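If you want the building blocks of each chain, they are given just below.
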Amino acid sequence: VYIGAGIYDSTAGTLMSVIKYNLYPLRARINLLIQGFYNEAANIMTEDTARFYLRNASPPYAIIDSALVFPEYDGLYAFSFKNGSFMTNYYISVKHRNSIETWTAGTVSFLTYGLIYYDFTTDASKAFGGNQIKVDDFPEINYALYSGDVNQDGVVDIGDGSLIDNDAFNFASGYLPTDLNGDSIIDLADGVFTDNNGFNFVSKITP
């Protein structure tokens, strides 16, 4: 919706400013899991905040809007974007404090006055480049974002492991990027994810 889109007010002798807003925001419900935060035995994930980005469908994939979201419950993130247009193709990317940035496999489109539901968990292929890891086989197969990118440079490597080692040596605790399993304690259990994913050369894959 546009208000006062460049209209000249002859009475006041001024040009009205352009104001743009969405009467109906773009609503999204996205299901995803985070490798280190997922408990395979209990089939649940420790809930944590993630940021979602709405991006143009063509290079350079500019960010149109973003939303910082805490899940409603196990892996379900419900939120809205105030910017953007209905019936337009977009990528959605997600970043988490110590996970690999992950994009939707392809573009998505918001139906008029509607919402989108996107489930990353059902298959690795739901992420661009198949860039997810299987974290569960029973009672259903689940896939998750790779954990271990502590410094958020897009690669899981020794740089991330060093940060975990330093915090573990200093008995660090709390809500830290080096806490890869969500227990608020930095120890060897966190380092396992960087070791394994670093060994497998895990990095972000984007269009």
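Residues numbered from 1 in each chain as written. Predicted model: local features only at pLDDT ≥ 70, side-chain atom pairs only at ≥ 80, totals over all residues. Heavy atoms only, no water.

Moving on, we get to the pattern of salt bridges. Here the structure, examined in full by the defined rule, presents five salt bridges. For Arg29, the salt bridge is made with Glu72, and the minimal N-O distance between the two is 3.8 Å. One end of the pair, Arg29, is in strand S5 (residues 26–31); the other, Glu72, is in the loop between strand S9 (63–69) and strand S10 (76–81), with 43 residues separating them in the sequence. Residue Asp137 pairs with Lys134 through a salt bridge whose shortest N-O separation is 3.4 Å. Residue classification places Lys134 among the partly exposed residues on the basis of a relative accessible area of 40%. (Salt bridge = Lys/Arg side-chain N within 4 Å of Asp/Glu carboxyl O. Helix = DSSP H or I, 4+ residues; strand = E, 2+ residues; numbered from the N terminus. Buried < 20%, exposed > 50% of the residue type's maximum accessible area, 1.4 Å probe, protein only.)

So, on to helix H2 (residues 188–199). For H2, spanning twelve residues, the distance from its first C-alpha to its last is 16 Å, which sits close to the expected 16 Å at 1.5 Å a residue. Within H2, the full set of buried residues consists of Asp190, Gly191, Phe193, Thr194 and Asn197. Buried residues along H2 cover an arc of 150° about the axis, so they all sit on one side. Along H2, exposed side chains directed more than 90 degrees from the buried face belong to Leu188, Asp195 and Phe199. Among the structural elements, strand S15 (133–136) and helix H1 (158–169) are those in contact with the buried residues of H2. Within two residues after H2, Phe201 carries a phi angle of roughly 55°, on the positive side. (Expected span 1.5 Å × (residues − 1). Arc of directions from axis to C-beta. Contact = heavy atoms within 4.5 Å.)

On a regular strand, each side chain points to the face opposite its neighbour's, so the side chains alternate between the two faces of the sheet. As judged from the six bridges shared by strand S8 (residues 50–56) and S9, these two strands associate in the antiparallel manner. Each residue of the ladder has a partner; that of Leu54, found in S9, is Asp65. Between S8 and S9, which pair antiparallel one after the other, the connecting turn spans six residues, and Tyr61 there sits at a positive phi close to 55°. (Pairing = 2+ DSSP bridges.)

Right, let's talk about the environment of Asn170 for a bit. In this fold, Asn170 is placed in the loop between H1 and H2. On a C-alpha basis, the gap between Asn170 and Ile186 in space is 9.0 Å, while along the polypeptide they are 16 residues apart.

Once that is clear, we can look at the packing of aromatic side chains. Applying the stated criterion across every chain yields a total of eight aromatic pairs. Ring centres 4.7 Å apart and planes at 25° place the aromatic pair Phe52 and Phe79 in the stacked group. In this pair, Phe52 is assigned in strand S8 and Phe79 in strand S10, connecting sequence segments 27 residues apart. Side by side, Phe52 and Phe79 carry an identical accessibility label, which is buried. Sitting over the ring of Tyr175, Arg97 keeps its end group 3.7 Å from the ring centre. Over the face of the ring belonging to Tyr118 we find Lys126, whose NZ or CZ atom lies 4.8 Å from the ring centre. (Phe/Tyr/Trp six-rings, centres within 6.5 Å; stacked < 30°, edge-to-face > 60°. Lys NZ or Arg CZ within 6 Å of the ring centre and 35° of its normal.)

A separate point is the confidence of the model for the chain. Close reading of the predicted structure is inappropriate where its pLDDT is low. Averaged over all residues, the pLDDT of the chain equals 90, while 89% of them reach at least 70. Across residues 1–12 the pLDDT falls below 50, and counting only partners more than four positions away or on other chains, this stretch makes 25 contacts in the model. The model gives residues 14–20 a pLDDT under 50, and that stretch makes 21 contacts with residues more than four places away or in other chains. (pLDDT = per-residue confidence, 0-100.)

Strand order across the open sheet formed by three strands is S10-S5-S14, with mixed pairing between neighbours. This sheet does not close on itself; its edge strands, each paired only once, are S10 and strand S14 (115–119). Between one strand axis and the next, the sheet turns through 15° on average, direction left out of account. By the bridge criterion, five bridges tie S5 to S14 in an arrangement that is parallel. Paired with Arg29 across the two strands is Tyr117, which belongs to S14. (Axes fitted to C-alpha atoms, helices over the stretch in contact; angles between N-to-C directions.)

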